[in-house]
Structure formats: structure tokens, C-alpha cells
Amino acid sequence: MRLEYRQPQRRPRLTRRGRLAFFLGTLIALGVAVMLPLFPREQAPEKPRQLVIPEGWRAPQVYTAVDRGLGLPAGSTKAAVAAAGLELPPEAKGNPEGYLFPATYPVTSKTTPGALLAYMVRTANQKLATKAVADGGKAHGMTPYQTATLASIIEAEADTPADMGKVARVVHNRLARSMPLQMDSTINYALNRTTVDTKLSDTRIDHPFNTYERQGLPPTPIDSPGLRAMAAAVAPTPGDWLFFVTVKPGDTRFSATYEEHKKHVADFNRLRAAAGPPAARPSATPTVRGTSAPPTRGT
């Protein structure tokens, strides 16, 4: 038998450069395989929540809403006021009442109460500095702080937005005649309440916010006024009114004389009496507002 000789085949050998390339490639592949799990996936950005601050809220109500909105212990936001660096006018003496502008604010888990309060105050300053509000305030001889104070009364007193200009006119007319404003809303602020009834004894309390006894605007705003109230404060509706009373929801009557005003108050008292005792009346009780009289007397 004839055997055919075959030359043994050699395995291909890498050159030095090839070995180096293979070695580096292996390390890179292993490195990628090891390193990839070490990098976490990018998290989707947190979707902001909406915190609504309505017109007419007082500072303590805003503090409570911020505490709840940010999931903080009660009192956290109030405690943050002193260190928040709020851009308040000197007249405010560090009190942000009236400057926590009502709006809808986006908040996240990273939002701090101090930063949120500062944002509210900056917004209020911007609204008070708009040309219409600033020029209107100057025309009436009012500082921005006085404008905010007057606007806060309008916010509290006007039964509807359509009444704001007339309420503002009553306040301006009374200030021009050096008459006390006699606003029930300032009495409520002094007594830290929101009742719709003002008693004769309430009007005699010794308090800086008792505008039945003291002339002029109260020392600070009494709530957070919105832009419509600010606009009304500096551009009141023309008229000679000195009195007003909300006889029933949606029916606020303005008058220039006390005699006319007493007739409107009498209508209010008749409706109040027909509604029965306080416990039997619905929650939407007709309110006595502003320079109107408590049910037992006239002003």
C-alpha cells in the first residue's frame, strides 16, 4: 500500500501586534460587560404637582397649604419666613401678609417652603409694579404697600368681581372725607375669624384693625389680594357712594346717603329674619359687608 505523505498543518500564529490588539479587545469587551450594570438608568424627571393659593387667603392659610402640599410638619412654613429673605417693603416689617400672591404654583419633592414663599412675594411685587397698578397707585398718592392693603380689603369685601370697583370707590370716598372705613373684614381679621355677623361690641374693640374706631387703612393687608382687586384699588368705578351692604348673595347695594343705606339694611334684616335662627339658615347666609350695619343697628 502506498502511503501519501501530507505535511502537517500549523495553527495560524498571531503576530505581536495582533496579540496586543486581541488582548486589548478582550479587556474592552470585558470592561464594557462589567461596567454597564454599574451605570443606573436615567430616571424620568419628576412631574410637578400643582399648589393652588386662592384669592383672599390669609397668611396662616397659605402656610398650612404649603405644609400640606410639601408634606411637612405643621408650622414648618411659618417657621421658614424669618430666614427666607423675602423681598418685602420696609412698611411690612417682615410680615408677608398681602404679598403671598394667589396663583397656582408647581412644587416637587425638592421645593422648600422658603423658596416657595420667596417666589410668591416676588410675584406680588411684579404685579404691584405693572404700569397700570403702579401709575394708578401714585395717582391716588398710595405706596405699593398701601395699594396691597386697600386691595386686600376689596378682596375680602366684594361679593362678586363686578363689585370690586364700587367697593374701591367707597373706600376712596371715605378716605377723602376722613371718615372711618367701618369694614367688617378688618374686624374679622383682628378677631381671627371669618364670621358674617358683626356685633356692636365687636366694633368697640381696642385694636389697630378696628376700622370702626380708627381712621385710615389698617396697618397691614388682611389677606392675599388678586390682580383684579389690585386693579380696582387704583382704578375705582366712578361714583359718590359712601355705604354698601350685601342684602343677599349677588345683590350688593351701594348708596351715597345714610338714609338710603338704612333702607337697604332694613331689607337685609327682613331677609335675615325670614331665614330663621342661625342654626336653621343655610351656609350661604346673606352677609353684611363693609360700611353696612350689623343686623341690630345702622352705621
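Predicted model only: the values in this text are computed from it and were never measured. Counting restarts for each chain: residues are numbered from 1 in the order of the written sequence. Restriction of local features to residues with pLDDT of at least 70 applies here, the model being predicted, together with a cutoff of 80 or more for giving and counting side-chain atom pairs; totals for whole chains, interfaces and linings are based on all residues. Side-chain metrics in this entry use all non-hydrogen atoms of the structure; hydrogen atoms and water are not considered.

K.L.:
Even after reading the chapter, I still don't get the overall build of the chain, so can you show me in this structure?
P.N.:
Within the chain one finds 10 helices and 4 strands. Numbering goes from the N terminus for both helices and strands, where a helix is a DSSP run of H or I of at least four residues and a strand is a run of E of at least two. Start at the N end of the chain and walk to the C end: the helices and strands fall as α-β-α-α-β-α-α-α-α-α-α-β-β-α. Method for areas: the Shrake-Rupley scheme with a 1.4 Å probe, in which residue coverage is limited to the protein chains shown. Of the accessible surface of the chain, which amounts to about 17,500 Å², a share of 57% is contributed by carbon and sulfur atoms.

K.L.:
Sorry if this is basic, but what is going on with the pattern of salt bridges here?
P.N.:
A side chain of one charge can pair with a side chain of the opposite charge when the charged atoms of the two come close. Salt bridges are counted wherever a side-chain nitrogen of Lys or Arg sits within 4 Å of a carboxyl oxygen of Asp or Glu. Enumeration according to the criterion identifies 8 salt bridges in this entry. The shortest N-O distance in the salt bridge between Lys-131 and Asp-135 comes to 2.8 Å. One end of the pair, Lys-131, and the other, Asp-135, are both in helix α5 (residues 131–139), 4 residues apart, so they sit about a helical turn from each other. Under the relative-accessibility criterion, Asp-135 is labelled partly exposed at 37%. When salt bridges with common partners are traced through the structure, they connect Asp-251, Arg-253, Asp-267 and Arg-270 into a single cluster. Relative accessibility decides the category of a residue: with a 1.4 Å probe and only protein chains considered, values under 20% of the type maximum give buried, values over 50% give exposed, and everything between is partly exposed.

K.L.:
Is there a simple way to think about the packing of helix α7 (residues 164–176) against helix α9 (residues 227–234) in this case?
P.N.:
When two helices pack together, their arrangement is given by the angle between the helix axes and by the axis-to-axis distance. Each axis is a line fitted through C-alpha atoms, taken for helices only over the stretch in contact, and angles between the N-to-C directions span 0 to 180 degrees. Taken N-terminus to C-terminus, the directions of α7 and α9 make an angle of 45°; their axes are 8 Å apart at the nearest point. By the angle between their axes, α7 is oblique relative to α9. Here α7 and α9 pass one another in a crossing that is right-handed. Contacts between α7 and α9 pair Met-164, Gly-165, Ala-168 and His-172 from the former with Arg-228, Ala-229, Ala-232 and Ala-233 from the latter. Here the term charged refers only to Asp, Glu, Lys and Arg, the term nonpolar to Ala, Val, Leu, Ile, Met, Phe, Trp, Tyr, Cys and Pro, and the term polar to all other amino acids, Gly among them. Here the contact of α7 with α9 is composed, by residue class, of 5 nonpolar, 2 polar and 1 charged. Reported orientations rely on four angle classes, namely roughly parallel under 35 degrees, roughly antiparallel over 145, roughly perpendicular from 65 to 115, and oblique for the rest. A crossing counts as left-handed when the near helix is turned anticlockwise from the far one by less than a right angle, and as right-handed when that turn is clockwise. Throughout, a residue-residue contact means that at least one pair of heavy atoms, one from each residue, lies within 4.5 Å.

K.L.:
Just checking my understanding: could you explain the nonpolar core for this structure?
P.N.:
In summary, soluble globular proteins display a tendency toward joint burial of nonpolar side chains. For the purposes of this section, nonpolar cores are sets of buried Ala, Val, Leu, Ile, Met, Phe, Trp, Tyr and Cys residues that join through side-chain atoms within 4.5 Å. Core analysis: the largest hydrophobic core is formed by 53 residues, its most contacted members being Leu-86, Tyr-99, Leu-100, Met-120 and Ile-154. Those elements that provide at least two residues to this core are α2 (59–69), β2 (104–107), α4 (113–128), α6 (144–157), α7, α8 (184–190) and α9. Looking at this core, the element that brings in the most residues is α4, giving 7 residues.

In short, geometric facts, not functional conclusions.
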